[in-house]
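The chain contents come next:
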Amino acid sequence: MKKTASLLTLLAVAAPVLAQTGDANKRLITIQGGPRGDVRNGPLTFTGSPVKAKVSTLNIEASQAVMAAPKGIPLIEAKGKRTATFTGNVKVTRGRLTATGNGLNYDESTGQGVLDGNASATFVPEKKEDGDTVTIKAPKMSLDVDNNVSTSTGGVTLSTGTQSGRADKLVFDEDREIAQLTGSPSLTRAARGNQKELVITGQEVRALTKTKTLYVRGGVKLVQGTTTTTGDAVYYDDRKNVAYVVGNAVSVDSKSKATVKAPASGYLEQRTDLARVRALNAAYKIPTEQFKLSSEK
């Protein structure tokens, strides 16, 4: 019994000590509670109400957790290579982010925790006046412990206030509050007041969720009522109800047949609240720097 207890103590306290030796060690996971199993070789099974674990800034809760080592390596010698599988009512929190799912697989070697089975995450604004809660739903959601970034894949949906988005892949940068949507992305601003629903599509959508601004590039299309506007890129400010479309910009009203084209050196300004599009003979530069992810700085 004393030998088993000492091994358990080693597993519990070694990670915090090692974490001081280098950044890679912040990927080490600690799980609370007394496990069942082979303490030296693994796997170890943890149960509780709930089981609680921590890795870097991630806090994890679940009904059960199993820690294992790669085949042929004793668990007690596998720090940095272990895996932890969480099942049953999984909840992960990090700062203002809360994510849930049916299961979570964490790998110390990659620093990735992958939620699957109806994965969902909410990111709340720092202050009430800062905007709306962001909600992300996806079949699979990966949380990175090396940075405050999550990557969701496979029929992803995003919603915040009156805006909702769809894509094959969504990267959410919690530090910069930016959502990057790729893979047939679209973003919809719901109808409100006298404004009709607005749908924006392109090859890539980047949304600053706090300021309600968008940058969409690559064969962009804006559809609102009978008006369809196309171009190479668009900057949209939802709070000001205005879109600036650049690069071969053309707007067509299918009802009136009216067509507005941007000059070669100009752009189109579309007021979504006034149902008005006008061509401006001046250069407009989209503030793309605002939409860079932390990893791109």
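Preceding block: the structure.
All values derive from a computational prediction rather than experimental measurement.

A. The arrangement of the side chain of Asp144 in detail. Along the chain, Asp144 falls in strand β8 (residues 134-144). No salt bridge is formed by the buried Asp144; the nearest opposite charge belongs to Arg27, separated by 5.9 Å. A polar contact is formed between the side chain of Asp144 and the side chain of Gln112, at a distance of 2.9 Å. The contact partners of Asp144, leaving out residues within four places of it in the chain, are Arg94, Gly111, Gln112 and Val149.

B. Spatial organisation of unusual backbone geometry. The peptide bond linking Gly42 to Pro43 adopts the cis configuration, its omega dihedral lying at -5 degrees. In this structure, Pro50 follows Ser49 across a cis peptide bond, with omega equal to 0 degrees. Relative to the helices and strands, Pro50 is located in strand β3 (residues 44-55). Although it is not a glycine, Glu177 sits at a positive phi angle of roughly 55 degrees. Positive phi values are uncommon outside glycine, yet Lys257 reaches one of about 65 degrees. Relative to the helices and strands, Lys257 resides in the loop between β18 (250-253) and β19 (259-261).

Scoring rules and cut-offs
- Residues numbered from 1 in each chain as written.
- Predicted model: local features only at pLDDT ≥ 70, side-chain atom pairs only at ≥ 80, totals over all residues.
- Heavy atoms only, no water.
- Helix = DSSP H or I, 4+ residues; strand = E, 2+ residues; numbered from the N terminus.
- Buried < 20%, exposed > 50% of the residue type's maximum accessible area, 1.4 Å probe, protein only.
- Lys, Arg positive; Asp, Glu negative; His and termini not counted.
- Salt bridge = Lys/Arg side-chain N within 4 Å of Asp/Glu carboxyl O.
- Polar contact = N/O pair within 3.5 Å; in protein donor to acceptor, adjacent residues only side chain to side chain.
- Contact = heavy atoms within 4.5 Å.

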